[in-house]
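Chain by chain, the residues:
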Amino acid sequence: MNEYCRWASKELVPTKDPGQPEFHQAVEEVLESVAPVLDAHSEYRQARILERLVEPERVIMFRVPWVDDRGEIQVNRGFRVQMNSAIGPYKGGLRLHPSVNLSIIKFLAFEQVFKNALTTLPMGGAKGGSDFNPKGKSDNEVMRFCQSFMTELYRHIGPDTDVPAGDIGVGGREIGYLWGQYKRLRNEFTGALTGKGTAWGGSLIRPEATGYGVVYIATEYLATKGESLEGKTCLVSGSGNVAQYTVEKLLDLGAKPVTLSDSSGYIYDESGITREKLAFVMRLKNVMRGRISEYVSKYPEAVYQEADPTLGYNPLWSHPADCAFPSATQNEINDRDAAHMLREGVHLVAEGANMPTTPGAIENLADGGAVIIPAKAANAGGVAVSGLEMSQNSMRIAWTREEVDARLQGIMKEIFTTITVAAERYGLENDLIAGANIAGFLKVANAMMDQGVV
Amino acid sequence: MHEYAREVIEAVKARDPLEPEFHQAVTEVFESVAPVLDAHSEYRQARILERLVEPERVIMFRVPWVDDNGDIQVNRGFRVQMNSAIGPYKGGLRFHPSVNLSTMKFLGFEQTFKNALTTLPMGGAKGGSDFNPKGKSDSEVMRFCQSFMTELYRHIGPDTDVPAGDIGVGGREIGYLFGQYKRLKNEFTGVLTGKGLGWGGSLVRPEATGYGVAYFITEMLATKGDSLAGKTIAISGYGNVGTYFVQKAVEFGAKVVSIGDEYGCAFDPDGISGEKLAYMADLWTVYRKSAKEYADKFDCEWRPETKPWRFIKCDIAVPTAMQNEIEAEDAAALVANGCQVVCEAANMPCTSEAIHVFEEAGVMYAPGKAANAGGVATSGLEMSQNSMRLSWSSDEVDGRLHQIMTGIHQACLEAAERFGSPGDYATGANIAGFLKVANAMMDQGVV
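Residues numbered from 1 in each chain as written. Chains lettered and ligands numbered in written order. Predicted model: local features only at pLDDT ≥ 70, side-chain atom pairs only at ≥ 80, totals over all residues. Heavy atoms only, no water.

Novice: How do you make sense of the nonpolar core when you look at a structure like this?
Specialist: Among soluble globular proteins, nonpolar side chains are generally buried collectively. With 214 residues, the main nonpolar core has A:F441 and B:F434 as its most contacted residues. Ignoring anything within four residues of it in the chain, the contact list for A:F441 reads A:V34, A:V37, A:L38, A:Y44, A:I49, A:L50, A:L53 and A:F114. (Core = buried A, V, L, I, M, F, W, Y, C linked by side-chain atoms within 4.5 Å. Buried < 20%, exposed > 50% of the residue type's maximum accessible area, 1.4 Å probe, protein only. Contact = heavy atoms within 4.5 Å.)

And the structure:
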């Protein structure tokens, strides 16, 4: 590994930020990939690009006091990490979850910088949130929390400064409350947040974007081999928004999705999940808030298997298939799963979730000749359509579904080309993880070089 | 310890495990206010402690700059805006390699109560950077300060947050910072204190902390019918605070016999005054030299790697250097050598164990947040003068400073008496500061 990369990831960051393991891991992963770039270009070292990339431009942490339904005062901590604005206003989601801390928010913001760079749209990288847990809270409590949170955040964001979006724990309801308070404080109706309702500035296709995007980029890869998704058997994990629209687009393109899961277990439907069955899953998950096990009560031809953490692998990945779309959570594919996938014929993994594949699994899959399209590229459709929402807000005009979908498809195609070319340029054919990191890095680093020491 | 205080301290440790200095400061204050919490359950109901330990706002930022070799340097800047219940945020900027979030939060927390004691309308904050001004050229310091202010300017202002100097930030740095602030905002306002006299500074500001400590000790001794005349005093630093403390102590008839730095300690049994005092005043602020130069020049004893507390016989010890410089063993040595009064000119220079040793031995102990509040009090007076666009004379400022120090001393003793620890300055200072801030928070609702 390049000496400068090694020093930055093994010495600089761990010394400066002890107690931030997630952030260290993210930095190490990116810097490993870009080592060949730094070997070839000493000017990045001279300009101290790595030191500047790992130091957020601005971190804001703040007190969020609010009153719960019993009249008791609660105190949470809010975060916004504005990592890098070299190529556009800061952009990245807000996460409301008890696990939120500075390390996790910095890791996510760091990843966001490169993901956003790949979208081709002018967006810098950021992330934010709070250790507030929306589970078990009333609508009113969530509203009061969101209002208090925004009462501090509003001074640090704006349509040309920083445009937050949703993430875990922040959906349409929370974005609504946050945006209402922002508007009240500023008295300005602008695109300060994305993921808004379509009646008040939201974009069509925003809910579908991540899932559709993953399938579009998989199509691009298959096309380079003269193949298509037509007739391909596909493993999909998860059953949330990303998984649902991945399945929908797979069906549009003639593929056969056969699995879905939630935290309690997974279903395997060898005959294929059809449109009718998908509609049932959407109702089950989005309206009735039920478990995926109910799928087999309705469609007895499928089998349900309960999650078994003692097993050491996830049997969802042990069924015969061509492609896999992990859309549930981080580290859901380990090295044993990877071995099973190779045995069952999987040769393409497109990451819908963030960091679903463990380092060991990545190694196994690569050795077995399978290609991984990393999350940074594959699930960038979500933030890309957020970028399109910003454009529509700025021009005060909304596009049709077809217009947004076509742009999304164009963006995914371009992302695929960019990461492939970057991988090839540095002699790493088929290593799309390195390709994505290198392409993202180059775009950000070169913009930083142009703008001087800031 | 009160159960509510213990719960909140445990929550702080669980949430911010890597902040030992902050834990120490919170524990020290919360231990003191237990009798207040016993008497007033409304603070618990309003979750005052949970809100006090959570900074209203923390800003951390990248500070890139170019050194004289043309190499790019990257530092990290901090501003912890702890509490604004009783006034705009106010607190110093520290430039030192040891600066991290824990030290900043500890200092911001202490500042909240110290500022409350001054009787002036100032909330609590602290900031700085891990930048090391030692060995840097003027030009490098200027470029660093300009880059630092280019981010900080958006978070401060004369009615919002008014930073001042601290370790590594003196007149030179305040000048560079103020220049850049003015250039960015195009407004000439009192956004920083510790400014030069020609551009909005206050008379007696440089002297204020040292003078204030001397005034405070005078008040302490007066409660025993005693005075500074004829007393032997040991101090550990030789910056602004030490220099002006010596000046005032000598004026009051005392003898100061030591100075020191991180390399050791100079022992001058004849006492520092006259020509020696003039040299001491310039030693760091002008020549940037070690305290050893003093020992060399005036041919007195230099003990490397030693603190004055270990071997000097003194009536009064005034730590003027760094946090935790007096540990339990140092305290025991002071007691054994007959020390009667310990007055903190630095911030948190005594460890909890050391304070315990003083209490056991019946040594009068005054905490920094009361005794060294003269500095920030005069910063407050600088703000007033800036706001009214008029300057006071030296005598006017000094008179107000003296009055404020007498008032702080009085407030500490009264609070200590009222809550059952007569004569305990540490408890009294914490309670008086806490009550002022907590009551203001109660009045202003959940913010």
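Novice: Explanation requested: the domain arrangement of chain B in the structure shown.
Specialist: Residues and elements named next belong to chain B. Looking at the assigned domains, one finds that chain B contains domain 1 (1-54), domain 2 (55-188) and domain 3 (208-371). Between domain 2 and domain 3, the C-alpha centre-to-centre distance is 28 Å. Tallying the contact residues gives 13 residues for domain 2 and 9 residues for domain 3. Of the roughly 980 Å² buried between domain 2 and domain 3 on both sides combined, carbon and sulfur atoms contribute 58%. The interface formed by domain 2 and domain 3 contains 2 salt bridges. With 7 residues, helix α6 (residues 101-117) is the largest single contributor of residues to the side of domain 2 that touches domain 3. Classifying every residue of the side of domain 2 that touches domain 3 by side-chain character gives 5 nonpolar, 2 polar and 6 charged. (Domains from an automatic or database assignment. Buried area = accessible area lost by both parts, 1.4 Å probe. Salt bridge = Lys/Arg side-chain N within 4 Å of Asp/Glu carboxyl O. Helix = DSSP H or I, 4+ residues; strand = E, 2+ residues; numbered from the N terminus. Nonpolar A, V, L, I, M, F, W, Y, C, P; charged D, E, K, R; others polar.)

Novice: It is not clear to me how the domain arrangement of chain A should be interpreted in this structure. Could you clarify?
Specialist: Frequently, the measure chosen for interface size is the accessible area that the parts lose on association. Residue and element names in this part refer to chain A. Splitting chain A by domain gives domain 1 (1-54 + 430-454), domain 2 (58-188) and domain 3 (209-373). Inter-centroid distance (C-alpha atoms) of domain 1 to domain 3 is 32 Å. With 4 residues of domain 1 at the contact, the number on the domain 3 side is 6 residues. Carbon and sulfur atoms supply 68% of the area that domain 1 and domain 3 bury against each other, a total of about 410 Å² over both sides. There are 0 salt bridges connecting domain 1 and domain 3. Summed over the shared surface of domain 1 and domain 3, the result is 0 residue pairs in polar contact (both at pLDDT 80 or more). Classifying every residue of the side of domain 1 that touches domain 3 gives 2 nonpolar, 2 polar and no charged. (Polar contact = N/O pair within 3.5 Å; in protein donor to acceptor, adjacent residues only side chain to side chain.)

Novice: Got a minute to help me understand the sheet that holds strand β10 (residues 303-306) of chain A in this structure?
Specialist: Within a sheet, each strand pairs with its neighbour through backbone hydrogen bonds, oriented either parallel or antiparallel. All names here are of chain A. If you walk across this open sheet you meet the 3 strands as β8-β9-β10, and the pairing is antiparallel. Of all the strands in the sheet, just β8 (259-262) and β10 have a single pairing partner and so form its edges. Strand-to-strand twist in this sheet, taken as the mean axis angle between neighbours without regard to direction, amounts to 20 degrees. Where strand β9 (residues 265-268) and β10 come together, 4 bridges link them in antiparallel fashion. Paired with Y268 across the strands is V303, a residue of β10. (Pairing = 2+ DSSP bridges. Axes fitted to C-alpha atoms, helices over the stretch in contact; angles between N-to-C directions.)

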